[in-house]
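Observations on the model geometry
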Amino acid sequence: MKTVRVLSIFGTRPEAIKMAPVVKALQANPSIDSRVCVTGQHREMLDQVLSLFDIHPDVDLNLMQPNQQLAGLTSEILVHLDAIYSKMKPEWILVQGDTTTAMASALGAFYQRIKVGHVEAGLRTFDKWQPFPEEVNRRIISTVADLHFAPTEHSRNNLLHEGIPDESIKVTGNTVVDALNTIVNRPAPVEVTDLLETLGISETRQLILITAHRRENFGEPLEHICQAILQLADAFGDQMRFVYPVHRNPNVSEPVHRLLGHHKSIQLLDPLEYLPLVHLLKNARLVLTDSGGIQEEAVSLGKPTLVLREKTERPEGLESGILKLVGTDPKTIVNAVNSVLNSSDQNFRQGYCNPFGDGQASHRIVDAILDHREFTG
């Protein structure tokens, strides 16, 4: 039986993390001719993940531009991938999640009648503006995809309610668990151990990890988040250290450094590679984030997490009790942090059944592609 040519496409750090174990599983299967294309939607952060997981792209479009706009990025991806598809002639492309890279890649493949597999399919908030533009991106991908790799039953049900045929949906678990499992037991890098020592992290002085960078929080919402962090840093003094790896986007870095850069209890960092970020998560007492991936990783590690968004497409985390939606109102954030810190449970629900899967999602995705080949002849 001939091999199946599969082209995996991604462009941002979160995509790369979640696609890395899929790429490895594809490469390990002799029935698959696996190729990788990166768009470079994120450049430096993407390269860090490629190095960590030892992935060498066959094609690198290197499309990132300073302060790039969605329309320009989308058109660049469509035009460049049109030529790549014509040259490489993949039978399948795989895209992950809801980025502009994923949406434009899927749409371009549809134009050339190439089958599309969607990793992490079916996440929904049912509000096209939250998160923006991701909610619309993933709906577009669902319209053209041929196989939908839903991470959970929640996601599968969302797809069924939109009329997606049941036979094209495979519940696989989330590949972020696969990626996390390969990284979490590696030794902590020196930069993390040195940071924890410098900050004096111990039983009596604990770590609160913060990430906030989403487009819908640009402007006033992000300033409100910073105001809440300032209030918390003033209130908790030497009991806590607030560590915030800051995204390089000027819409994030400017207000964060302006508002938080001079407080003794707040440590602003450059963007972190995945390995040190995972080890900071492991050492955190509490996580504040608007990131989708960190919501999943925090749940997988049993870390209480306050989600700095009005809506989340990961209700499984809310049901687990580990995530709580708090939005961006300073008073709400401060009250929620006080509630967690006054609780005696530091890593509550540790050892429970992870709603995001068992770390075998990548192998299920490969099996589904091969099963689809046999089913369709």
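A brief structural summary.

Conventions we followed
- Residues numbered from 1 in each chain as written.
- Predicted model: local features only at pLDDT ≥ 70, side-chain atom pairs only at ≥ 80, totals over all residues.
- Heavy atoms only, no water.
- Axes fitted to C-alpha atoms, helices over the stretch in contact; angles between N-to-C directions.
- Helix = DSSP H or I, 4+ residues; strand = E, 2+ residues; numbered from the N terminus.
- Parallel < 35°, antiparallel > 145°, perpendicular 65-115°, else oblique.
- Left-handed = near helix turned anticlockwise from the far one by under 90°.
- Contact = heavy atoms within 4.5 Å.
- Nonpolar A, V, L, I, M, F, W, Y, C, P; charged D, E, K, R; others polar.
- Pairing = 2+ DSSP bridges.
- Buried < 20%, exposed > 50% of the residue type's maximum accessible area, 1.4 Å probe, protein only.
- Core = buried A, V, L, I, M, F, W, Y, C linked by side-chain atoms within 4.5 Å.
- Salt bridge = Lys/Arg side-chain N within 4 Å of Asp/Glu carboxyl O.

Glancing now at the packing of helix α1 (residues 13-28) against helix α2 (residues 44-52). Packing of α1 against α2 leaves a shortest axis separation of 8 Å and a crossing angle of 15°. In terms of orientation, α1 lies roughly parallel with respect to α2. Seen along the crossing, α1 lies across α2 with a hand that is right-handed. Counting all contacts with α1, which are made through Arg13, Ala16 and Ile17, the residues of α2 involved are Met45, Leu46, Gln48 and Val49. For the contact of α1 with α2, a count of residues per class yields five nonpolar, one polar and one charged.

Relative orientation of the contacting elements helix α8 (residues 190-199) and helix α11 (residues 274-283) amounts to 35°, with a least axis distance of 9 Å. The handedness of the crossing between α8 and α11 is right-handed. Seen from α8, the contacting residues are Glu191, Val192, Leu195 and Leu196; seen from α11, they are Pro276, His279, Leu280 and Asn283. Split into classes, the residues belonging to the contact of α8 with α11 amount to five nonpolar, two polar and one charged.

For the rest of this paragraph, the subject is the sheet that holds strand β11 (residues 284-289). Across the sheet, which stays open at both edges, the six strands sit in the order β10-β9-β8-β11-β12-β13 with parallel pairing between neighbours. Lying at the two open borders of the sheet, with one neighbouring strand each, are β10 (266-269) and β13 (323-325). This sheet shows a mean twist of 20° between the axes of neighbouring strands, independent of strand direction. Note that strand β8 (residues 206-211) and strand β9 (residues 240-245) share four bridges and pair parallel.

With that settled, the discussion passes to the pairing of strand β2 (residues 32-38). The buried count for β2 comes to five of seven residues, which makes it a mostly enclosed element. Bridge analysis of strand β1 (residues 4-10) against β2 gives seven bridges, and the strand direction is parallel. From the neighbouring strand, Ile9 faces β2, where its bridge partner is Cys37. Examined bridge by bridge, β2 and strand β3 (residues 59-60) share two bridges and lie parallel to one another. Paired with Val38 across the two strands is Asp60, which belongs to β3.

Moving on, we come to the nonpolar core. In terms of nonpolar packing, the biggest core is built from 59 residues, with Phe10, Leu94, Leu280 and Ile369 touching the most fellow members. Considering every element that reaches this core, the biggest residue donor is α1, with eight residues. Leave out the neighbours within four places in its chain, and Phe10 touches Glu15, Ala16, Met19, Val23, Val36, Cys37, Val38, Thr39, Leu46, Leu50 and Thr101. Among the nonpolar cores identified, the runner-up in size contains 31 residues, and Leu222, Cys226, Val334 and Val340 belong to it.

This brings us to the pattern of salt bridges. Considering all chains together, one arrives at 23 salt bridges under this definition. Between Arg124 and Glu162 there is a salt bridge, and its shortest N-O distance comes to 2.7 Å. Taken together, the positions of Arg124 in the loop between β5 (115-119) and α5 (134-144) and Glu162 in the loop between α6 (153-161) and β7 (169-171) put the pair 38 residues apart, joining distant regions of the chain. By relative accessible area, which is 4% here, Arg124 ends up buried. Since its relative accessible area comes to 37%, Glu162 is described here as partly exposed. Of the charged contacts in the structure, one is a salt bridge between Arg205 and Asp238, with a shortest N-O distance of 3.7 Å. Note that Arg205 is positioned in the loop between α8 and β8 and Asp238 in the loop between α9 (220-236) and β9, a separation of 33 residues in sequence. Judged by its relative accessible area of 46%, Asp238 is partly exposed.

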